[in-house]
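Residue-level structure breakdown
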Amino acid sequence: MNIHDSEKVIGTLAQQGYSQVETPEEAGLVLYNTCSIRDKAEQKVFNRLQNFKKVAGKGKVFGVLGCVAQQEGEKIFDKAPHVSLVVGSASYTKLGEMLVQIENGERRVTGLSLDTEETFDTPFTRRDNPNRAYITIIEGCDKSCAYCVVPFTRGPERSRTSESVMAEAGRLAEQGFTEIQLLGQNVNSYQDPSPAGWDFATMLSKVASVPGIRRVRYTTSHPRDFVKRIMDAMDENPVLCDHVHLPVQSGSSRVLAAMDRLYTRDEYMRRIDWIKSAKRKYSITTDIIVGFPGETDEDFQKTLDLLDEVQYDSLFSFKYSPRPKTAALEMADKVSEEDKQQRLLVLQEKQRAIQIRRNAELIGDIQEVLVEGRHASLGQWIGRTSSNRTLNFTHPDVGDESLMGKYLPVRVTRSGPNSLVGESATVV
Ligand code: 5AD
Ligand code: SF4
């Protein structure tokens, strides 16, 4: 989502006459788009800002965008006095005006209001990937997971009209993009504000039927809002990729309740059953937090059991990081840093073994890949499967640049924990 926000900001600036340079050294205006989901991400911003302190004022203007900007607000000016612009994502629609203020010599400009009904849509988005285009369909989040800073930094949910989403999808297809990824902090709770009144399942089906679009993905889902209709829509149209990312966070219903996740382990497993009993085979991935306040060894064991039960194809795992304003900040029974670290290692080790086994089962299969790049030194092309796996493969015409962006059948010949290797195949 942040990558796409940057694409929108860059497109907007280019439209206003700015041009992009390769390095911060060459730039007159340096904007940092920031993430505050965990403390580490936030610390990075302040470290980077320090790197340029010396050159500030010498024809260079600095701005901080995104969630750290929203969270820290004017405090950023105290921590990094060479910064002139602090803007949260809910104010990006006004970014153009704010830059005019900066050009007129104002030293401190802020955009920190969360009081908006708007989403940041622009026809000038610069697209970095030649095949896959992102479309934001909903911004903000109305949930209140006890660990999460997003509702405070991105504000309440606002959905775009189905008409504007479909117009963007149609334009992208005409421009030659073949894959669309629909984005939202909680993409499942999309609700068309126009009279058409589409829900997320309808939106998925409609985007998947745009001529020229061969793959549709979406991120990220909340299990509570992942209704059966979504799975039915996916099963009906293979353009909707063979992959569901369904963040569970913990395998213990007790911890899930403390996190205010609004589902139990059993309710989560019901959704996994829908996915596993669907017509097609889907890859299932998740996010897990270890060391949430009050998480006991027994709770953690339940998360490990869940990994055995679900057999995820991949997962993102994080140590709990206390965030400002969140409910978990005040919770008792903090887990020590050592225990968090230990649990993270145990979890990742277990998942690695699962992935080695699951990927090995794919040897001999033929999968369709979208060609996304090349490892020239290895003589391999980089492909991505519908299930979102990386499948590197050899092709007889290895020097042929024209494979980029193509969809090709590839036979899997080898596997590792994180990727597959194969060779170009012709389907009989
Ligand atoms: N600490 C650790 N991980 C977090 N996430 C969100 N907030 C926190 C936090 N405070 C993780 C969740 C979420 C993913 C995007 O980041 O697992 O799904
Ligand atoms: Fe954060 Fe996702 Fe929970 Fe919203 S649903 S509060 S974005 S973890």
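As shown above, the structure is provided for reference.
Quick summary incoming for the structure in this document.

Procedures and definitions
Residues numbered from 1 in each chain as written. Chains lettered and ligands numbered in written order. Predicted model: local features only at pLDDT ≥ 70, side-chain atom pairs only at ≥ 80, totals over all residues. Heavy atoms only, no water. Helix = DSSP H or I, 4+ residues; strand = E, 2+ residues; numbered from the N terminus. Rg over C-alpha atoms; globule rule 2.2 N^0.38 Å. Buried < 20%, exposed > 50% of the residue type's maximum accessible area, 1.4 Å probe, protein only. Contact = heavy atoms within 4.5 Å. Areas by Shrake-Rupley, 256 points an atom, 1.4 Å probe, with all protein chains shown as cover. Lys, Arg positive; Asp, Glu negative; His and termini not counted. Charge placed at Lys NZ, Arg CZ, Asp CG, Glu CD. Near = heavy atom within 4 Å. Polar contact = N/O pair within 3.5 Å; in protein donor to acceptor, adjacent residues only side chain to side chain. Nonpolar A, V, L, I, M, F, W, Y, C, P; charged D, E, K, R; others polar. Expected span 1.5 Å × (residues − 1). 1 Å grid on protein atoms, 1.4 Å probe; cavity = no way out; pocket = protein on both sides within 12 Å on 5 of 7 lines; lining within 4 Å. Points joined across faces, edges and corners; volume = space filled by probe spheres on them. Pairing = 2+ DSSP bridges. Axes fitted to C-alpha atoms, helices over the stretch in contact; angles between N-to-C directions. Phe/Tyr/Trp six-rings, centres within 6.5 Å; stacked < 30°, edge-to-face > 60°. Lys NZ or Arg CZ within 6 Å of the ring centre and 35° of its normal.

1. Section: the overall build of the protein
- On a plain count of helices and strands, the protein comes out with 13 helices and 17 strands.
- Relative to the compact-globule value of 22 Å for 428 residues, the protein shows a C-alpha radius of gyration of 23 Å, a close match.
- Judged by the C-alpha coordinates and their principal axes, the protein covers about 65 × 55 × 50 Å.
- A total of 428 residues make up the protein; the buried ones form 52% of that total.
- Taking the intrachain contacts of the protein between residues at least 6 apart in sequence as the baseline, contacts between residues at least 24 apart amount to 72%.
- For the protein, the accessible area works out to roughly 19600 Å², and carbon and sulfur atoms hold 50% of it.
- Here the protein contributes 55 positively and 59 negatively charged side chains, and the mean placements of these two sets differ by 3 Å.

2. A look at the site of ligand 1
- Around ligand 1, a shell composed of Ile37, Arg38, Tyr147, Gln249, Asp287, Ile289, Phe318, Lys319, Tyr320, Ser321 and Arg323 is seen.
- A distance of 2.8 Å separates a nitrogen atom of ligand 1 from a polar backbone atom of Ser321.
- Coverage of ligand 1 by the protein amounts to 86% of the 400 Å² it exposes when considered alone.
- Taken together, the elements giving at least two residues each to the shell around ligand 1 come down to strand 11 (283-290) and strand 12 (314-319).
- When its residues are assigned to classes, the shell around ligand 1 shows 5 nonpolar, 2 polar and 4 charged.

3. Looking at helix 13 (residues 337-360)
- In this model, helix 13 (24 residues) spans 35 Å end to end at C-alpha, consistent with the 34 Å of a helix rising 1.5 Å per residue.
- Every buried residue of helix 13 is listed here: Lys340, Arg343, Leu344, Leu347, Gln351, Ile354, Gln355 and Asn359.
- Check the buried side of helix 13 and you find it contacts strand 11, helix 12 (297-310), strand 12, strand 16 (407-415) and strand 17 (420-424).

4. Some points on empty space enclosed by the protein
- Counted according to the given criterion, the structure contains 1 cavity of 30 Å³ or more.
- Roughly 50 Å³ of internal volume is contained in the largest cavity.
- Lining the largest cavity are His4, Lys8, Phe120, Asp121, Thr122, Thr125, Arg127, Thr136, Arg160 and Glu168.
- Looking at the lining of the largest cavity residue by residue, the classes come out as 1 nonpolar, 4 polar and 5 charged.

5. Overview of the sheet that holds strand 10 (residues 243-245)
- Spatial strand order, 10-11-12: 3 strands in an open sheet with parallel pairing. Since the sheet does not close on itself, it has two edges, and those belong to strand 10 and strand 12, each with one partner. Looking at each pair of strands side by side, their axes are set apart by 10° on average, direction ignored.

6. Quick look at the site of ligand 2
- Close to ligand 2 lie Cys141, Lys143, Cys145, Tyr147, Cys148, Val150, Pro151, His222 and Arg261, which account for all nearby residues.
- Of the residues that constitute the shell around ligand 2, the class distribution is 6 nonpolar, 1 polar and 2 charged.

7. Here's the deal with the packing of aromatic side chains
- Counting across every chain of the model gives 5 aromatic pairs.
- Ring centres 5.1 Å apart and planes at 70° place the aromatic pair Phe200 and Tyr218 in the edge-to-face group. Of this pair, Phe200 sits in helix 8 (residues 200-208) while Tyr218 is found in strand 9 (residues 215-219), placing the two residues 18 residues apart along the sequence. For the pair formed by Phe200 and Tyr218, the shared burial category is buried.
- Arranged with centres 5.4 Å apart and planes meeting at 75°, the rings of Phe292 and Tyr320 form a pair that is edge-to-face. You can see Phe292 sitting in the loop between strand 11 and helix 12 and its partner Tyr320 sitting in the loop between strand 12 and helix 13, a full 28 residues away along the chain.
- Positioned above the aromatic ring of Tyr407, the side-chain terminus of Arg214 is 4.1 Å from the ring centre.

Worth remembering: the numbers are spatial, not functional.
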